[in-house]
Amino acid sequence: MWLFGNRKLELSNAELRPYVLKLKEGYLIGLAYLPSIASPCVGCIQKWLLDRQIPSTEIDIEDFKLREDLFKKLAEESNPHICYEVSADGTETRLENCIFPHPSCDCQKENHQLPPNFSWNLSFAFSPLTQIKCVRYTTPMGHLWLTSVNGKAVESGQSIRTYGTGVSKEDSRKRAIEEWLKKASLSDFQFMHLPKRPIPAESFQNLGATQIRLEDPLLLGNGAGADYSKATLQAMYDLTKKRTLERYSNNLKNPILVVGSHAWLRNRMPFFMLQEYDWYILFYPNSSPCWVVGMAGFSRLHSDAKPIFVFDSHPNIETALDGVIGKTLEACRPDFDGNSKPIAPVSDSEESERARQKNLWWTHWIYRCSKISLKELQSMESYTEDLELWRSYYRDGQPGVSLVPGNTTAYPRKLVSLVQARLHEAKAPAPKVFGIGTSRDFQANWN
Ligand SMILES: [Zn+2]
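Quick look at the structure, then.

### Considering the overall build of the protein
Each helix and strand counted, the protein has eleven helices and 20 strands in total. Expressed as a percentage of the 447 residues in the protein, the buried residues total 38%. If you take every contact in the protein between residues at least 6 apart in sequence, the share linking residues at least 24 apart comes to 62%.

### A few points about the sheet that holds strand E13 (residues 219-225)
Pairing within the open sheet is antiparallel, and its five strands lie in the order E12-E11-E19-E20-E13. Only two strands of the sheet have a single neighbouring strand rather than two, namely strand E12 (209-212) and E13. Each strand axis lies, on average, 40 degrees off the axis of its neighbour in the sheet, ignoring direction. The sheet contact formed by strand E19 (residues 401-405) and strand E20 (residues 417-423) spans five bridges and is antiparallel. Residue pairing in the sheet places Val401 in a bridge with Leu423 of E20. Helix H4 (residues 228-250) rests against E13, E19 and E20 of the sheet, and its axis sits at about 145 degrees to E13.

### Considerations on unusual backbone geometry
For residues besides glycine, phi is generally negative; the peptide bonds are generally trans as well. With an omega of 5 degrees, the peptide bond between Ser39 and Pro40 qualifies as cis. Along the polypeptide, Pro40 turns up in the loop between strand E4 (27-33) and helix H1 (42-51). One non-glycine residue, Lys196, lies in the positive phi region at around 70 degrees. Relative to the elements of secondary structure, Lys196 occurs in the loop between helix H3 (169-192) and strand E11 (199-203). At Leu252, a residue that is not glycine, the phi angle is positive and equals roughly 50 degrees. With respect to the helices, strands and loops of the structure, Leu252 is situated in the loop between H4 and strand E14 (256-259).

### Overview of the nonpolar core
Within the largest apolar cluster, 98 residues are counted, with the highest numbers of intra-cluster contacts made by Leu282, Val293 and Ala421. Shared between two domains, this core takes at least three residues from each, and those domains are domain 1 (2-111) and domain 2 (198-447). Leu282 has contacts with Pro255, Leu257, Val258, Val293, Gly294, Met295 and Ala296, leaving out every residue within four places of it along the chain.

### So, the pairing of strand E16 (residues 291-299)
Among the nine residues of E16, seven are classified as buried, and the element is accordingly described as predominantly covered. Where strand E15 (residues 277-283) and E16 come together, seven bridges link them in antiparallel fashion. In the strand pairing of E16, Tyr280 is matched with Ala296. Pairing of E16 with strand E17 (residues 308-314), which is carried by seven bridges, proceeds in the antiparallel orientation. Bridging across to E17, Ala296 finds its partner in Phe309.

Parameters and conventions
- Residues numbered from 1 in each chain as written.
- Predicted model: local features only at pLDDT ≥ 70, side-chain atom pairs only at ≥ 80, totals over all residues.
- Helix = DSSP H or I, 4+ residues; strand = E, 2+ residues; numbered from the N terminus.
- Buried ≥ 20, exposed ≤ 12 C-beta atoms within 10 Å, placed from the backbone.
- Contact = placed C-beta atoms within 7 Å.
- Pairing = 2+ DSSP bridges.
- Axes fitted to C-alpha atoms, helices over the stretch in contact; angles between N-to-C directions.
- Core = buried A, V, L, I, M, F, W, Y, C linked by C-beta atoms within 7 Å.
- Domains from an automatic or database assignment.

As structure tokens, then:
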């Protein structure tokens, strides 16, 4: 219960308290957790504001008479992620956020609470994400959204930009933000641990404690999901994708070209992508309970433009195919005015000639692949999404896999669970064939 004016403010959640922050112009008011109990607290909010060059001073709520009525609304909602910006003339702007714990705040960051009725469409203005942009494309099947997210990893300070696509705006925001959290968490992990020092981890096969070192040779699967086991599954799919691609390219083995996909692609891709590129779907059979597919795009406008290679993996083949379509849009990186940005041709004539020859090589490479029809591919049965299936797969003569949790207080676990799966397999040296067709050509879009 809080007194202000001469009235009492009834709060259903006793751990929350109202605050008033005086800004350079106007005020910011809301409810926040007591720092000794949970996050976000008012300190988190002030620190995020300061990060955006907005200094604020907390004033006594009794000295704030401008819009006392708003406290009643706040009390009714009892949500520390909602605040009102009140300008000097009393007009208010309601902000619906998902507020992150601020890394330098001393509140109970471990006990970070998500907004009730959480949605990925909420504002992330109080978080390490400094920019989120969404753009919508139209395909015969419906809409395809592309979101771009930007921000600096909390510990390493590395600038990270990620993309996500989806059939709804929220879906694409979710994917882009999850990607960002995975990359930021990995960047911090590599920054915070010293080489040669053992780092505690969990053995995926044996479920026991184990140790890893930063410099261990490995392939890394990065997963995000609603909880630890869902994130671990995602990390398994990611690991399979990288491992399969590395095996194919190091053994100079061709994938299978998917034919009869013209109409299917036409229905799912924005028109400009079909105008600018010739697309090929690739299928990479592998021994794990997960399908790996890829797409190659060759510019129709510039014979010396770099081809696009993207990949995805999932136990359900349709989901994997949808995923890879989304990744083509991310890889084309159209600008966010909705126009496509054709990849500029290489200017140097010698370079240009080499690029042209390489493209010719890739075209031959594609046509050397054996073929499967899209119908046949789509009829592949789904594997169950089950961690036990993966455990028995990796127990059966496969190299060891260690799991490392990726969440820190900076990347709240309740928002999304993060896991690294580290496969301990010495890398086979890549064959030297002018760097053509080896994993180097794919790695740019592995992640
Ligand atoms: Zn705090």
